[in-house]
Amino acid sequence: MIFNYGKIIIDNRDNVQPFYDGLSMGCGEIHFDCSTCGHDVSEETLLFERANDEISREEKEDIKLFFNVKKNAYYNQTSSVGFMKCSHCNSEFALYISSGEVQMGRYQASLVAVVECLKENIIVNDIKNEIKRVKDYSNRDMLEIKNFKESEYDNFCSKITKNFQLESKEDKIIGNNEVFQAYVLNGCIIGIEFDIWTGLSIVAKNECAKELLNNIYSWLVEEKKSNVKLISNASFEKNSKQLDKDCLESLKLIEVVIDFNEMPSIQEEFILKLCNILNAGRVCGWDAFKDNYFDIFMKVPPKDYVYKDNDEWEWNDYYDYVECVREWNEIGPKNENGEKGDMKFIFKNFHKFSKTHRQITLDFLEIIYHNIDGQITPNCNVFSDLYYLIVEIDGVLMDSFDKWSSLLKNLKLRY
Ligand SMILES: [Zn+2]
């Protein structure tokens with residue numbers, strides 16, 4: 001299963017209280033209100049735990065990381081995590097509960113936290129390199145997304161409408177092999193339309209919707225960039241089977257050393273120093289850093305590249321190509337010839353630093369991890385418009401998902 005986390009709907013992590021305190025080994029019933037339809041979602045605690053024995057270790061690790069699960073969230077109880085579904089609308093939730101026998105024959109259970117699981121992000125994963133800005137027959141601005149499955153239409157619409165607070169202007173119209181619906185925001189109308197020939201289109205239906213469409217475009221591109229964090233281990237394993245391990249040796253990596261002995265412990269200064277080392281401009285705060293950081297990985301075509309319409313680089317037009325190359329060339333580490341390329345980050349004295357500056361290390365590491373998750377081993381046979389990165393931390397090459405997962409887990413669980 002691939003999922004992403006939505007809203008946290010219950011959070012008792014700072015104040016865990018038992019919902020059950022009695023003699024039954026079943027530990028009473030878990031109850032909470034579905035955040036989508038309002039229905040009561042419930043299950044006996046013991047059955048919840050049994051059902052979730054089945055889920056994969058990676059899924060459990062992921063939920064634990066997300067909630068920062070402690071071994072004993074509440075006195076004498078043991079923590080566990082898993083999924084629960086609303087039987088009414090099928091919305092799925094990840095739960096962090098705590099339960100156990102606290103005295104001879106006396107059982108307790110607590111609901112620690114609940115978060116929405118969103119599966120729709122898989123759509124954004126699937127549209128990698130496939131979002132295009134085009135004009136439709138009436139010369140209106142439009143985004144086109146190929147390889148889109150009809151079954152994902154509803155999820156996709158709800159994700160966009162939620163994010164941009166769009167209201168539906170008409171009922172969904174379902175035809176033969178096509179679905180469409182118009183949405184409105186302050187008088188600006190966009191249509192989200194699917195048919196099996198063109199895939200998904202998002203159309204600016206009036207003049208003032210052009211800007212909204214641009215915002216949707218940027219948002220989709222951002223989602224695409226950050227989607228790597230959404231790839232679960234299941235899909236990672238699937239990918240890694242197709243990966244070419246010899247490819248790594250054939251790459252000429254630009255080595256960037258970050259010695260944490262020399263890194264400042266104040267966040268702003270830490271970020272500035274990082275920007276300096278990575279040639280990432282000068283920014284304030286992690287969000288701004290993240291933007292520039294991702295641009296480091298935007299690939300510039302090789303010297304002998306000749307611009308063509310509609311090639312694998314997917315430039316909007318010649319002007320877009322020139323602008324992108326100019327912008328991306330300004331940022332990121334360069335080799336001795338002043339060119340960008342695939343990279344290896346070498347962290348020295350990292351663990352020592354992370355012990356005393358946990359939050360700063362974690363913030364930085366998560367940005368890095370989101371960028372490399374899913375591409376831990378390079379594949380030379382597949383075109384990519386991003387540079388490849390491998391990280392070595394205190395002499396250990398971080399070449400597997402497991403290594404990252406346990407490093408992040410250790411940092412998060414450490415107090
Ligand atoms: Zn529901």
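Just so we're clear, the structure is a prediction, and the values are computed from it rather than from any experiment.

1. Points about the overall build of the protein
Assigned secondary structure in the protein consists of 13 helices and 18 strands. A buried classification covers 27% of the 415 residues belonging to the protein. Of all intrachain contacts in the protein linking residues separated by at least 6 positions in sequence, the fraction that spans at least 24 positions is 62%.

2. Focus: unusual backbone geometry
Apart from glycine, the bulk of residues carry a negative phi angle, and the bulk of peptide bonds sit in the trans form. Of note in the backbone geometry, Gln165 takes a positive phi value of approximately 55° without being a glycine. Within the fold, Gln165 resides in the loop between helix H4 (153-164) and strand E10 (167-168). Residue Asn279 is not a glycine yet carries a positive backbone phi of 50°. Within the secondary structure layout, Asn279 lies in the loop between helix H8 (267-278) and helix H9 (285-296). What makes Asn279 partly exposed here is the crowd of 15 C-beta atoms within 10 Å.

3. Quick look at helix H12 (residues 358-372)
Between its terminal C-alpha atoms H12 stretches 21 Å, which fits the 21 Å expected from 15 residues at 1.5 Å a residue. For H12, the set of buried residues is Thr361, Phe364, Leu365 and Asn371. Summarising the axial view, the buried residues of H12 lie within an arc of 120°, below the 170-degree limit, and thus occupy one face.

4. A word on the confidence of the model for the protein
Summarising the model, the protein shows a mean pLDDT of 83, and 88% of its residues fall at 70 or more. Below pLDDT 50 for its whole length, residues 226-243 participates in 36 contacts with residues either more than four positions away or in separate chains.

5. What about the nonpolar core?
Ranked by internal contacts, the top residues of the largest apolar core, which has 26 residues, are Phe93, Leu95, Tyr96, Ile97 and Val112. No other element matches the seven residues that strand E7 (residues 106-118) contributes to this core. Discounting chain neighbours no more than four positions away, the residues touching Phe93 are Val41, Phe83, Met84, Val114, Val115, Glu116 and Cys117. Membership of the second largest hydrophobic core comes to 23 residues, among which are Phe270, Phe345, Tyr387 and Leu389.

6. With respect to the pairing of strand E8 (residues 131-135)
One ladder, built from five bridges, connects E8 with strand E9 (residues 141-145); its direction is antiparallel. Paired with Arg133 across the strands is Leu143, a residue of E9. In this structure, the hairpin formed by E8 and E9 is closed by a connection of five residues, where Asn139 is found at a positive phi of approximately 65°.

7. Structural notes on the packing of H8 against H9
Interhelical geometry of H8 versus H9 gives an angle of 10° and a closest axis separation of 11 Å. Relative to H9, the element H8 lies roughly parallel. Facing Ile271, Leu274, Cys275 and Leu278 of H8, the residues of H9 in contact are Trp286, Phe289 and Ile296. Residues that form the contact of H8 with H9 fall into these classes: seven nonpolar, no polar and no charged.

Quick notes on the rules
- Residues numbered from 1 in each chain as written.
- Predicted model: local features only at pLDDT ≥ 70, side-chain atom pairs only at ≥ 80, totals over all residues.
- Helix = DSSP H or I, 4+ residues; strand = E, 2+ residues; numbered from the N terminus.
- Buried ≥ 20, exposed ≤ 12 C-beta atoms within 10 Å, placed from the backbone.
- Contact = placed C-beta atoms within 7 Å.
- Expected span 1.5 Å × (residues − 1).
- Arc of directions from axis to C-beta.
- pLDDT = per-residue confidence, 0-100.
- Core = buried A, V, L, I, M, F, W, Y, C linked by C-beta atoms within 7 Å.
- Pairing = 2+ DSSP bridges.
- Axes fitted to C-alpha atoms, helices over the stretch in contact; angles between N-to-C directions.
- Parallel < 35°, antiparallel > 145°, perpendicular 65-115°, else oblique.
- Nonpolar A, V, L, I, M, F, W, Y, C, P; charged D, E, K, R; others polar.

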